[in-house]
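What the coordinates show
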Amino acid sequence: MMRKRLTAALLAVLLAACALPPALAADSETMQQTVRALGILTGDENGELKLQNPVTRAEFSKMMIAAAGLGDSISGQANMSVFKDVKNAHWAAGYIKATVERGWLAGYTDGTFRPENTILLEEAVTALLRMLGYDSQSLSGAFPSAQMNKYRALGLDENMTAGQGQRLTRGDCVTLFYNLMGAQTAAGPTFAAGRGLALNADGEVDYASLVAAERKGPFVAQSDYWSAELPFVIDALTVNGARSEASALQKNDVYYYNEKLRSVWVYRSRVTGVYTAAAPSTAQPSTVTVAGATYTLSSAAAAYALSGMGSFRPGDTVTLLLGMNGGVVAVLAADSMDTVRYGVVQSISARTYSDGYGGSWTENVASIVCTDGQLYQDPVAQNAVQAGQLVEVSVKDGKTTVKALARKSLSGSVNTSATAVGERRFADDIEIIDTTDGGAALPLYASRLAKMTLSAGNVRFYTEDETGKINRLILDDATGDMAAYGILTSVNEIDANMTVMGQYQYVINGQAGSIVSQNGIYGVTAGPALIELSAGGIQSLKNLKETALTSVSTVSARNGGQEYGMAEAVQVYIRRGSSYTLSTLSAVDDLNEYTLRGFYDKEYAQGGRIRVIIATEK
């Protein structure tokens, strides 16, 4: 499946799968979203946190209850008046009562709590220190100096701008409560650890685990207007990992949501094909094979639908609705959802399938790589299509049809942001594969085409969505990324006395080999080359172009003012005499120590990349 770039800082935080940085390095967005995910701060009806607003003592009591993880067991309601100025009908009476009973906050000697007073920094610090287990007897000195000294010693002051005597804003409380999670308690562990929150390797709150713990789902949308049924207004929405708008939502979307973050994750990945097997059995299936690919069942409803008691049997054409991590959330009858896929045929073979009840059937199956990057196996009529051919796969009324496609080309330059080719815009969810005549296929990010000029010969097929944007693009070996590259270490070509043959020794990814061509020669010399081999011998052999390199990075390289793109799988060798040792770019990027020469297949604007780098010690 193709990943998509996120277009907002919020989404970068929401979709982070790795651990958060330590508190010292946390940015404001990370702190805001962590505190928000913990329920300590919530937005208004529009999701706004209003970080400049002052915080009252009543509001701070509610924040403390949420920070302690007690929000589900303590509400704002109380069955009695807590203070003279906090009657049982006060919205925060329950929170104030709970914090006072725990000794975190205290009232005044006149019997009031003054809930609407803005809380001062030293008041908030004293309350949080009590939460951490530090009472006045454990601190040395008088109030508030003793409390402020401990505040700094525990790191509660990191990134704080408010000083002693100043009233706190909601923004101040974001920072203060974020720091609280990493502060050491009097008992020893950090506050977050004492709460039982998942931590990363640095001992900080693991944001991904925090979001997952509060995420609800999966659900399957029953209409195009399902967002109206959510218990909140959506603040952040992603569809297949890319930022989207609520207007893009559709029936049969698989979705998850986090109410505290007002965030929704939608997955619109669907697979339609013949249901051929369930494992370990149809009695209790945990995986299903459809269109030749096997998927994990991630819901009881999906497992039941494919079981012996469900409505589907091996041999039926079905549609799988996939959710997070590619698991099957629901199964629909194929005739309830017509689908169309486009791709290239890799191979065709006869397959025999069991029906799960002692019977079997045999049919011709085409293995097809489609623009979504997945490999499907679809039934085809004999001799209907052949390997390497461009095809359309349509499922209508439960019947799968595979037919050859005519070429549909375009040309133009792709812009720097890879959002358009010429005047034609790319859809945000564009699917791209590069293909060869032999049926090989490689899924691409749109960014791979940035600054590249596509000729009519580079494009085999494309489709447009209802707005006229290109949403599928099938290329014709445009990038060169599927070829194999390496170094010809020895070349012996003979063309004399009725004998034409070539003997070649090579290194590819550090592995040495040799091959003999009995039928012809390729006119190559020793050095970096495109080296494509097949079971029958040499498929292609061609020397690469060469340039000196004056700077290198993992993305690009330069020779003075000339820029060259760097292949993701660039091979780097250190050469000593006639010996080549496979290395890494980071090991040779000191140009005071090494002289670097780059070898590329074609010009940058044509999709070329540096495929091989040879480093020699100075």
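Look a little higher up for the structure.
Now for a quick tour of the structure. Bear in mind that the values here come from a model prediction, so they are computed numbers and not experimental data.

1. A word on the overall build of the protein
Across its full length, the protein holds 11 helices and 34 strands. Radius of gyration (C-alpha) of the protein: 32 Å, far over the 25 Å computed for a compact globule of 618 residues. Projected onto the principal axes, the alpha-carbon positions of the protein cover approximately 115 × 70 × 45 Å. Counting over 618 residues, the protein shows a buried share of 47%. For the protein, contacts bridging at least 24 residues in sequence account for 59% of all contacts bridging at least 6. Of the roughly 28700 Å² of accessible surface on the protein, a fraction of 47% belongs to carbon and sulfur atoms.

2. Some details on the environment of Val344
Of note, Val344 is situated in strand 11 (residues 339–354). Overall, the relative accessible area of 0% leaves Val344 in the buried class. Note: C-alpha distance between Val344 and Phe232 (112 residues apart in sequence) is 44 Å.

3. Describing the environment of Trp265
Its location among the elements puts Trp265 in strand 5 (residues 263–267). Classification of Trp265 as buried rests on a relative accessible area of 2%. For the pair Trp265 and Asn559, spaced 294 residues apart in sequence, the C-alpha separation works out to 44 Å.

4. Things to note about the sheet that holds strand 5
Pairing within the open sheet is mixed, and its 5 strands lie in the order 1-4-5-2-3. In this open sheet, the two edge strands, each paired with only one partner strand, are strand 1 (216–220) and strand 3 (242–243). Pairing between strand 2 (residues 236–239) and strand 5: 4 bridges, direction parallel. Across the sheet, Thr238 pairs through a bridge with Trp265, a residue of strand 5.

5. A few points about the packing of aromatic side chains
The tally for this structure, following the rule as stated, stands at 12 aromatic pairs. Ring geometry for Tyr573 versus Tyr580: centroids 6.4 Å apart, planes at 90°, classification edge-to-face. For the residue pair Tyr573 and Tyr580, the accessibility class agrees, reading buried in each case. One aromatic cluster in this structure is built from Phe219, Trp226, Phe232, Tyr255 and Tyr257. A cation over an aromatic ring shows up here: Arg114 above the ring of Tyr108, its NZ or CZ 3.7 Å from the ring centre.

6. Side note on the pairing of strand 21 (residues 459–464)
Within strand 21, 5 of the 6 residues are buried, leaving the element largely enclosed by the surrounding structure. With 5 bridges joining them, strand 21 and strand 22 (residues 470–476) adopt antiparallel strand pairing. Bridging across to strand 22, Val459 finds its partner in Leu475.

7. Section: helix 4 (residues 93–101)
Taken residue by residue, helix 4 has Ala93, Gly94, Tyr95, Ile96, Ala98 and Thr99 as its buried positions. Elements in contact with the buried residues of helix 4: helix 3 (57–67). Positive phi shows up at Gly103, right after helix 4, with a value of about 80°.

8. Considering the packing of helix 5 (residues 121–131) against helix 6 (residues 145–153)
The angle between the axes and the distance between the axes are what describe a pair of packed helices. At a minimum axis separation of 9 Å, helix 5 and helix 6 run at an interaxial angle of 70°. One way to sum up the angle between helix 5 and helix 6 is to call them roughly perpendicular. Regarding helix 5 and helix 6, the two cross each other, and that crossing is left-handed. Residues Leu121, Glu122, Val125, Thr126 and Leu129 of helix 5 form the contact with helix 6, whose own contacting residues are Gln147, Met148, Lys150 and Tyr151. For the contact of helix 5 with helix 6, the residue count by class is 5 nonpolar, 2 polar and 2 charged.

9. A word on the pattern of salt bridges
According to the stated counting rule, one finds 18 salt bridges in the structure shown. We note a salt bridge from Glu214 to Lys260, for which the minimum N-O separation is 3.5 Å. Taken together, the positions of Glu214 in helix 9 (residues 207–214) and Lys260 in the loop between strand 4 (254–258) and strand 5 put the pair 46 residues apart, joining distant regions of the chain. Residue class for Lys260 comes out partly exposed when judged on its relative accessible area of 28%. A salt bridge links Arg448 to Asp481, with the shortest nitrogen-to-oxygen separation between them at 2.8 Å. Here the residue Arg448 occupies a position in the loop between strand 19 (441–444) and strand 20 (453–454), and Asp481 occupies one in the loop between strand 22 and strand 23 (485–496), the gap between them amounting to 33 residues. Since its relative accessible area comes to 13%, Arg448 is described here as buried. In the salt-bridge network here, residues are joined through shared partners; they are Arg448, Asp481, Asp601 and Arg611.

10. A closer look at empty space enclosed by the protein
Within the structure shown, the criterion is met by 1 cavity of 30 Å³ or more. A volume near 30 Å³ is recorded for the largest cavity. If you go around the largest cavity, the residues you meet are Tyr564, Gly565, Tyr600, Lys602, Glu603, Tyr604, Gly608, Arg609 and Ile610.

11. Focus on unusual backbone geometry
Backbone torsion omega between Gly217 and Pro218 reads 10°, so that peptide bond is classified as cis. Secondary-structure assignment places Pro218 in strand 1. The omega torsion across Ala279 and Pro280 is 0°, close enough to zero to call that bond cis. In this structure, Arg262 takes a positive phi of about 50° despite not being glycine. Tracing the sequence through the fold places Arg262 in the loop between strand 4 and strand 5. When its relative accessible area of 10% is taken as the criterion, Arg262 is described as buried. The phi dihedral of Asn325 falls on the positive side, at around 65°, and the residue is not glycine. Structurally, Asn325 is set in the loop between strand 9 (317–322) and strand 10 (328–333). What makes Asn325 exposed here is its relative accessible area of 79%.

Rules and cut-offs
- Residues numbered from 1 in each chain as written.
- Predicted model: local features only at pLDDT ≥ 70, side-chain atom pairs only at ≥ 80, totals over all residues.
- Heavy atoms only, no water.
- Helix = DSSP H or I, 4+ residues; strand = E, 2+ residues; numbered from the N terminus.
- Rg over C-alpha atoms; globule rule 2.2 N^0.38 Å.
- Buried < 20%, exposed > 50% of the residue type's maximum accessible area, 1.4 Å probe, protein only.
- Contact = heavy atoms within 4.5 Å.
- Areas by Shrake-Rupley, 256 points an atom, 1.4 Å probe, with all protein chains shown as cover.
- Pairing = 2+ DSSP bridges.
- Phe/Tyr/Trp six-rings, centres within 6.5 Å; stacked < 30°, edge-to-face > 60°.
- Lys NZ or Arg CZ within 6 Å of the ring centre and 35° of its normal.
- Axes fitted to C-alpha atoms, helices over the stretch in contact; angles between N-to-C directions.
- Parallel < 35°, antiparallel > 145°, perpendicular 65-115°, else oblique.
- Left-handed = near helix turned anticlockwise from the far one by under 90°.
- Nonpolar A, V, L, I, M, F, W, Y, C, P; charged D, E, K, R; others polar.
- Salt bridge = Lys/Arg side-chain N within 4 Å of Asp/Glu carboxyl O.
- 1 Å grid on protein atoms, 1.4 Å probe; cavity = no way out; pocket = protein on both sides within 12 Å on 5 of 7 lines; lining within 4 Å.
- Points joined across faces, edges and corners; volume = space filled by probe spheres on them.

The quantities given are spatial measurements derived from coordinates; they are silent on function.
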